[in-house]
Amino acid sequence: MASPVPLPILDTRLERATTTVTAPSPQSSSFIIDSKNKTYKFQYSNIYFLRLSALRDLVQETAVKRWTGLPGKPSFVSRVLEVEPSKLCYIIGTVYMDMPLKPNVMEDIARDHSIPAPPPPPYYYSTEDEVMMEDESGRIQLVGERLKSERLVTGLIIGALGMETPDGKFEVADICYAGLAPQPSTTIKEESEDRMEIDNSSSEDLPTDEWIGVVSGLNIGAPSPTDGQIQLLVEYLAGEEGGTDDQLSASRISRLIIAGNSMAPMLVAGKGDEDAEGDKKSRKFGYDGTTFSSHPVVTLSAHLLDVGRVMPIHILPGETDPSGTILPQQPFPRAMFGPVSSFSSFSCETNPTYLNLSSDSSSYTRTLLVHSGQSVNDMFKYLPSPPHTRLSIAESTLKWRHIAPTAPDTLWCHPYFTADPFILKETPDIYIVGGQKRFMTKLVEDDGKDDGLRKRCRLVLVPEFSETGILALVNLRSLRVKTVRFRGENMTGSLADGNHVDESSSSEPIPLVEPESSMPQSSNSFKL
């Protein structure tokens, strides 16, 4: 492949920061669906059995540490149907949320198809929801006030402490999860002088620090185009925007990650739904020329070429992109992006994906987990907001050790038979979630009190660029976060005190603001 021809930054004294992609950790799951596992003949129930088998011992280990020594001496019951009435014990199994508002495929098959289906509800939760726990033996209903304060969604593997009630239900007194997975990058260097300086007021960004840029939701081809803001973004990344300080900041961005939703849905980008539903029309090359437009792909390819000349790019498919719907979404075909596909520094990734980045100026390596946000958006429908937020849900996935527990119940995924790739075998240093309503960030920490291994993960929720104009920047050394915003007349978001909130009309209530850790540590803004 050809190497990109770098465009000079206006200040010739500045040099572009560089990082290197290293071999993935053996613990990092591969999301590539190859010929060996590309089959749809297996039942989806296999995924739940695989998940329970992989996480049961980890949850039990946490339960023993948490509940050993409690009054009543709770015992472990290996099967949920073997609990004894009025005897304190704890059980481990898979959560199933019985929710009347949740989509039901059997009801969809049985309904009268001569009548249009009602629109899907924006949320699944209601006062009639019931929580179940199941394993190989069967299912038991969980009850109790303790459940109201927990974030429970279908597919979680949990441990529940309590006792069976006379009516055959299990009243829960406490709940535990697997907890954060090991993190070699922090445990190995725990005693070294190279420890990360994270969120320390005395810690400042160094001139030699490498940053990564993350953007999501360009939505090229949408009815309300943001071409001007995207052009500002491209010029900023190329070092052609702003003054010397802005060019210096841009020069420290070593690579760009595009976390999904780069293109608007094709029917929106074309000439309208009414034409798409037209009568039998002549089709050339497999598509209807009256409803298909190549504009989004051509425009995106041109922008990628401009950015690809100055830095490496990693692009993930998203919910609105022309890609497969089921998770994990497979990489875009490189050829669809034209000249930039010949650059060795241009990478089409799966969604989700792991990236291992090594600093070229220092001796540290960071593991990144990136996805386009479908799983967090789906889990958000299970929970009332407030008090639950997308940031709190994303944080919980680390403690659950699973990034997409609602797959395959309400989130389409591949019917895996041998392993569940969405299980977290190690905690990433940086966890990026695209396709969100607002920018939020938090440092998730575990002091290692239980296992003696300290763990830290920078969680970053990246909003739709077409709505907010936000580019998120993450310092690979310190894990500090800052944002750059590109404003336009059609931007619906607002900028206030470093907190970016989407104020567009939506049925979704704006979630409560998280503690100060959710705010970016610094921000900048450009306006047309």
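Residues numbered from 1 in each chain as written. Predicted model: local features only at pLDDT ≥ 70, side-chain atom pairs only at ≥ 80, totals over all residues. Heavy atoms only, no water.

**Considering the confidence of the model for the chain**
Item 1. Looking at the chain, the pLDDT average stands at 83 and 81% of residues meet or exceed 70.
Item 2. Low confidence marks residues 493–518, where pLDDT is under 50. Its contacts with residues over four positions away, or in another chain, come to 67 contacts. (pLDDT = per-residue confidence, 0-100. Contact = heavy atoms within 4.5 Å.)

**Remarks on the sheet that holds strand E12 (residues 353–359)**
For sheets, the rule is that strands pair by backbone hydrogen bonds, running either parallel or antiparallel.
Item 1. Here we have six strands laid out as an open sheet, ordered E1-E12-E13-E14-E16-E15, and mixed in their pairing. At either end of the open sheet lies a strand with only one pairing partner, and these are strand E1 (19–21) and strand E15 (440–446). Neighbouring strand axes in the sheet, compared pairwise and without regard to direction, differ in orientation by 25 degrees on average.
Item 2. Here E1 runs beside E12; their pairing, made up of three bridges, is antiparallel. Along E12, the bridge assignment pairs Thr 20 with Ser 358.
Item 3. Each of strand E14 (430–436), E15 and strand E16 (455–463) touches helix H10 (residues 390–400); the most contacted strand, E16, lies at about 145 degrees to it. (Pairing = 2+ DSSP bridges. Helix = DSSP H or I, 4+ residues; strand = E, 2+ residues; numbered from the N terminus. Axes fitted to C-alpha atoms, helices over the stretch in contact; angles between N-to-C directions.)

**A few points about helix H1 (residues 45–67)**
Item 1. Between its terminal C-alpha atoms H1 stretches 30 Å, which fits the 33 Å expected from 23 residues at 1.5 Å a residue.
Item 2. Most pronounced at Leu 55, the bend in H1 amounts to some 40 degrees.
Item 3. Every buried residue belonging to H1 is among Asn 46, Ile 47, Arg 51, Leu 52, Leu 55, Arg 56, Val 59, Ala 63 and Trp 67, and all of these are buried.
Item 4. Residues of H1 that are buried in the fold lie against strand E3 (89–98), strand E6 (157–164), strand E7 (170–176) and H10.
Item 5. Of the residues flanking the end of H1, it is Gly 69, one or two places downstream, whose phi is positive at about 95 degrees. (Expected span 1.5 Å × (residues − 1). Bend = angle between axes of the 7 residues up to and from the residue. Buried < 20%, exposed > 50% of the residue type's maximum accessible area, 1.4 Å probe, protein only.)

**Some remarks on unusual backbone geometry**
Item 1. Here the residue pair Asn 351 and Pro 352 is connected by a cis peptide bond, since its omega of 5 degrees sits within 30 degrees of zero.
Item 2. For the peptide bond that leads from Ala 407 to Pro 408, omega is 10 degrees, which places it in the cis range.
Item 3. Examined against the element boundaries, Pro 408 turns out to sit in the loop between H10 and E14.
Item 4. Of note in this structure, Lys 73 is not a glycine but carries a positive phi near 45 degrees.

**Describing the packing of aromatic side chains**
Item 1. One pass over the structure, following the stated rule, counts 13 aromatic pairs.
Item 2. Seen in terms of ring centroids, Tyr 123 and Tyr 125 are 5.5 Å apart; in terms of plane orientation they differ by 50 degrees. Their pairing is tilted.
Item 3. Among the residues examined, Tyr 123 registers a relative accessible area of 13% and is labelled buried.
Item 4. Ring plane angle 45 degrees and centroid distance 6.1 Å describe the contact between Phe 465 and Phe 486, whose orientation is recorded as tilted. With Phe 465 in helix H11 (residues 465–468) and Phe 486 in strand E18 (residues 481–487), the pair connects residues that are 21 residues apart, well separated along the chain.
Item 5. Here Phe 465 falls in the buried class, since its relative accessible area comes to 0%. (Phe/Tyr/Trp six-rings, centres within 6.5 Å; stacked < 30°, edge-to-face > 60°.)

**Remarks on the nonpolar core**
Item 1. Ile 91, Leu 142, Leu 152, Ile 158 and Phe 170 are the most contacted members of the largest nonpolar core, which has 56 residues in total.
Item 2. By residue number, the principal contributor to this core is H10, which donates five residues.
Item 3. With 36 residues, the next largest nonpolar core counts Leu 218, Leu 305, Val 307 and Phe 332 among its residues. (Core = buried A, V, L, I, M, F, W, Y, C linked by side-chain atoms within 4.5 Å.)

**A look at the pattern of salt bridges**
Item 1. Summed over all chains, the structure comprises 15 salt bridges.
Item 2. The shortest N-O distance in the salt bridge between Glu 134 and Arg 139 comes to 2.7 Å.
Item 3. For Glu 134, a relative accessible area of 23% puts it in the partly exposed group.
Item 4. Put simply, Arg 309 and Asp 306 hold a salt bridge, and the shortest N to O gap is 3.6 Å. (Salt bridge = Lys/Arg side-chain N within 4 Å of Asp/Glu carboxyl O.)

**Some thoughts on the side chain of Asp 135**
Item 1. The topology assignment puts Asp 135 in the loop between strand E4 (130–134) and strand E5 (139–143).
Item 2. No salt bridge forms around the buried Asp 135; measuring N to O, its nearest opposite-charge neighbour Arg 56 is 4.6 Å away.
Item 3. Dropping the residues within four chain positions of it, Asp 135 is found in contact with Leu 52, Arg 56, Ser 78, Arg 79, Val 80 and Ile 92. (Lys, Arg positive; Asp, Glu negative; His and termini not counted.)

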